[in-house]
Amino acid sequence: MGTYILKVSTPSFFMHKHLFFFLILLKCASVFAQHEVTAQVTLHTAEKEMRVSQNLTFKNTSKDSLEVIYLNDWINAFSHKQTPLAYRFREDYQRNFHYAKASERGKTQIISIRNVDSNLNWFRPENQPDLLVIQLEKKLPPQKHISVNLEYNLKIPHSKFTRYGYKDSDFILRYWLLTPAVYAKSWKVYSHKNVDDFYMAPIDLIVDFIVPENYYIFSNFKKVHVNHIAQTKNIRLSGKNLRQLDFHLTTNPDYEQFNTDLMQVFSNIEDDEVPQPFRNIIVHRILHYLNKNLGHLHQEKLLVTKTDYADNPVYGLNQLPKFIRPFPDGFQYDIKMFKTITNKLLKGQLNLEPRKENWIKEALLVHLMMNYVATYYEDTKLLGAFSELIGIRWFHASELDFNKRYALLYQNMARINLDQAITTTQDSLLKFNKNIATPYKAGLGLNYLKDYLANDEAFKKSISAFYQNKQKDTLALAKLKSAFKTYTNKPIDWFFNEYIQTNLPIDFKIKKVTTKNDSLQVIVTSKNHKNLPVAVYGLNGKNIVSKHWLRIKNGEGKIHISKDAIDRIALNHEQIIPEYNQRNNYKSLKGVFNKPPQVRLLMDIEDPYYKQLFLIPEFDYNLYDGFIIGPKLHNRAVLPQNFNFNISPKIGLNSNALIGSIGVSSNTFFQNQELHAIRLGISGTRMSYAPDAFYYRVVPYFSLNFRNPYLRSNQRQSLSIRSVNVRKDQSLFATNQNPDYSVMNLQYNYSDRNFADYFTANFDYQVAKKFSKISVTTKWRKLFLNNRQLELRVFAGAFLFNDTRNEDYFSFALDRPSDYMFDYNYYGRSETSGLFSQQFIAAEGGFKSKIQPGFANQWISTVNGSFSIWNWIHAYADAGILKNKNKDAKFLYDSGIRLSLVQDYFEVFFPLQSSLGWEPSQYNYDQKIRFIVALDLKTLVSLFKRRWY
């Protein structure tokens, strides 16, 4: 091996001076078990670059002759704004890469690719600039090898994009070296999409880092030697059978070293509240726990970093400020270290195709975490010490164990029909599913399987056998299934064929309970899954009297249990199964109520044992009622459900009036098809619309909602019909009054909202006693590669008939719709002057300047446009033609500056030139400034959700 290192470190010298040794080495290479890489890497800190001289000895371990070799070159994924990685950033509304400086992006500059005798041709596949294909001069037969020398420069990207790259003077490296892709009947190659699924063939690596004298290197590798040469250090590192190439080059050696009898661990994960001896005990305990449950860990040295943890954190804990510590001493540090250490070990050992099989690693990780917490922190609650606080301890959430978090976060997606099958590829998962819901569902599935098998030792042996399996010619899923079948005779096909393969919600229901002598016959149905088993419990109060696993066949199962001391039958009482709906899991054998009723103050986590109602305070504000306060009685717990009702009586502190709302709604979801949901319901509202004047609004509605089955697509469609019925008090303060009216409204909406490409369209038809009108709205927005943004909005509307005479209440508005259907969130809807009158709603004509005529009672057509000048400063212009009865059509325009602080949420418009003239020189210019401010919680939450859902 020493001769081999000499060959790579000085390739040209070796080829010309030591051909004899090269031939010997070539002969010996036939016994290599896998690919070997040696490299010399020179770090240039000022330029954020690395010069690499690399030799790859590639062995064809397949049964096919190869004409090309694929290499992973993920640094080049940062080279421009049209790579798959760049498109992924756009999908996730991650702005920083698009707006980054060229010096902050990374790239690979290939200098040469050679074999012993000549240059080799190479190319990058179309639309995959982060892959490199080397064309061989002749086919490489099975079990033969070839040596390739590569010279290239790496421009390291900034770490703000993916957490890997340079940050200040540090270099946090993961996907940096050119590495061979996996060949298994075909090339398994993937572009970088920031989903942590780098897939490389295992390699043996020897690397020489030449770095400035003040730099330190931390890695999983063995340090061979360090040479000091003229203010630089040459550090040689080596490793075998590597699937990860993590390095941290830093001037700040803040890593802590843990020496255990199993391995060395280096970590910069900090917790000043946990003393060093205690930290050492924790790491020691983690490794021994994993060794006991997985078997030999196959690692001598492990690097565990803050970046590793940030990539896969303990969600919930990672949002807590450092000064808030509701959990037992050391718990937060322990669970962080456990998850990060376990994740690194699983990634290094398991032979997975990560884009397709990463769920297996995540399932093992979550399962091991849950069991670790159950073993060492059995009494730790979901809310930690907060569970003991007066007020909080009255909530059902305070009673839940820490491990209940996994089911709750998974159910968050299942309840809104955004669950995806566990086996969905990594790059097709929604962000919330990839990071949270899918790993949690997979881990819960293993616990489900464990409880069903009722043999802890057999389950542990199965997991250990899979972890230790080194086979490379079978899929990981097949190996996992084989490991379980080796240690159990129970049928487990339901887990592999049904549980992991579908996103259909799990919903068991007690169909019938019949008394037969001293036993009970229980018939159970499964709504969506035909063969999943379910645990049937006999309860006395909340105490478990009996528990039996029932195998469901073709959607139904039957079981007989003893009725002694049982007053209630339950399914999945311990909530082992991540079930979609547990409200139909209980059947009372005595009493009037199937489930006892319960009223909870404030919103709480659902307790399926009870029939629950929730009473919470609500707050709101408008100009006329002032601050609004009152209770809301409803049936929705923290997790959404299909049927909802609410009653919300409130008092306006300014109007001293009883106001509020009432509503009933029902959702029906459809999985894996374009029709996503059907919604129907009715709502009623009483609020002030002017001083001492109220409106009463009753709206029954029905909608069909469509979503692209590929859930990462932002395409949405809806078709809805509603009847808006309004009664209004007369007011001296409001213009354009029409006391009582009903409007039938039919709408079609299409949207495809993306960071760089945005398009929406709306068709609207309204008919009432005195009018009928139709309108079309489209909005298009494009962010160009030069960071300029162009936005165009077109609105056209016409009355089919209009008998409202001289009233403009139902007319098309040029700049401020009258909102007679009360759809818009006006803070002062009847104001004609002052701050609240300057609120801008992007609807109908969409003008920012207040120009007369402000309404059209016959037809209107407008175009609104804006173009970015610099960053969030835009120039805008509006132009339109409107027509009123018995008057000529009129052309109007305006223009100005738009400050788009948060687009569509927080914006300010400064009018300049318009049909009124040069507006800054006119009287009360400050009252001509318009603004968009989104203050309601639902709108603000949507700003966050668009990245995750």
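Residues numbered from 1 in each chain as written. Predicted model: local features only at pLDDT ≥ 70, side-chain atom pairs only at ≥ 80, totals over all residues. Heavy atoms only, no water.

Draft legend 1. Spatial organisation of the overall build of the protein chain. The helix and strand inventory of the protein chain stands at 14 helices and 47 strands. For the protein chain, whose C-alpha radius of gyration is 33 Å, the value lies close to the compact-globule estimate of 30 Å for 949 residues. Over its C-alpha atoms, taken along the principal directions, the protein chain stretches across nearly 105 × 85 × 55 Å. Looking at the protein chain alone, contacts between residues at least 24 apart form 62% of all its contacts between residues at least 6 apart. When the 120 basic and 87 acidic side-chain charges of the protein chain are each reduced to a single mean position, those positions are 4 Å apart. (Helix = DSSP H or I, 4+ residues; strand = E, 2+ residues; numbered from the N terminus. Rg over C-alpha atoms; globule rule 2.2 N^0.38 Å. Contact = heavy atoms within 4.5 Å. Lys, Arg positive; Asp, Glu negative; His and termini not counted. Charge placed at Lys NZ, Arg CZ, Asp CG, Glu CD.)

Draft legend 2. Examining the nonpolar core more closely. Counting residues in hydrophobic clusters, the biggest one holds 99 residues, and the most contacted among them are Leu 290, Met 337, Ile 341, Phe 466, Phe 484, Tyr 499 and Phe 508. Membership of the second largest hydrophobic core comes to 56 residues, among which are Tyr 70, Tyr 166, Leu 173 and Trp 187. (Core = buried A, V, L, I, M, F, W, Y, C linked by side-chain atoms within 4.5 Å. Buried < 20%, exposed > 50% of the residue type's maximum accessible area, 1.4 Å probe, protein only.)

Draft legend 3. Quick peek at the pairing of strand β31 (residues 643–652). Looking at chain direction, strand β30 (residues 626–634) and β31 are connected through four bridges and run antiparallel. Looking across to β31, one finds that Ile 628 is bridged to Gly 652. Sheet analysis places β31 next to strand β32 (residues 658–669), joined by nine bridges and oriented antiparallel. Opposite Ser 648, over in β32, you have Ser 661 as the bridge partner. Turn length for the β31-β32 hairpin, with the two strands adjacent in sequence and antiparallel, is five residues, and the turn residue Asn 656 shows positive phi of about 55 degrees. (Pairing = 2+ DSSP bridges.)

Draft legend 4. Examining helix α10 (residues 431–453) more closely. The end-to-end C-alpha separation of α10 is 32 Å, in line with the 33 Å expected for 23 residues at 1.5 Å each. For α10, a buried count of 20 out of 23 residues is recorded, marking the element as mostly surrounded by other parts of the structure. Looking one or two residues past α10, Ala 454 carries a phi angle of roughly 55 degrees, positive in sign. (Expected span 1.5 Å × (residues − 1).)

Draft legend 5. Here's a closer look at the pattern of salt bridges. Tallied over the entire structure, the rule returns 47 salt bridges. Ionic pairing is found between Asp 197 and Arg 355, a salt bridge with its closest N-O pair at 2.3 Å. With a gap of 158 residues between them, Asp 197 in the loop between β12 (187–188) and β13 (203–212) and Arg 355 in helix α8 (residues 354–376) connect regions that are remote in the sequence. Judged by its relative accessible area of 6%, Arg 355 is buried. Counted as one network, the salt bridges with shared partners bring together Arg 163, Arg 174, Asp 196, Asp 246, Asp 308, Asp 311, Lys 344 and Lys 347. (Salt bridge = Lys/Arg side-chain N within 4 Å of Asp/Glu carboxyl O.)

Draft legend 6. Structural detail: the packing of α8 against α10. Where α8 contacts α10, the axes come no closer than 7 Å and their chain directions differ by 65 degrees. For the pair α8 and α10, the sense of crossing is right-handed. When α8 is examined against α10, the residues Trp 359, Glu 362, Ala 363, Leu 364, Val 366, His 367, Met 370 and Asn 371 are found in contact with a partner set consisting of Pro 439, Tyr 440, Ala 442, Gly 443, Leu 444, Leu 446, Asn 447 and Lys 450. Of the residues that constitute the contact of α8 with α10, the class distribution is 10 nonpolar, four polar and two charged. (Axes fitted to C-alpha atoms, helices over the stretch in contact; angles between N-to-C directions. Left-handed = near helix turned anticlockwise from the far one by under 90°. Nonpolar A, V, L, I, M, F, W, Y, C, P; charged D, E, K, R; others polar.)

Draft legend 7. Structural view of helix α9 (residues 405–414). The element α9 is largely enclosed, with a buried count of eight among its 10 residues. Within α9, the full set of buried residues consists of Arg 405, Tyr 406, Ala 407, Tyr 410, Gln 411, Asn 412, Met 413 and Ala 414. Where α9 is buried, its residues contact α8 and α10.

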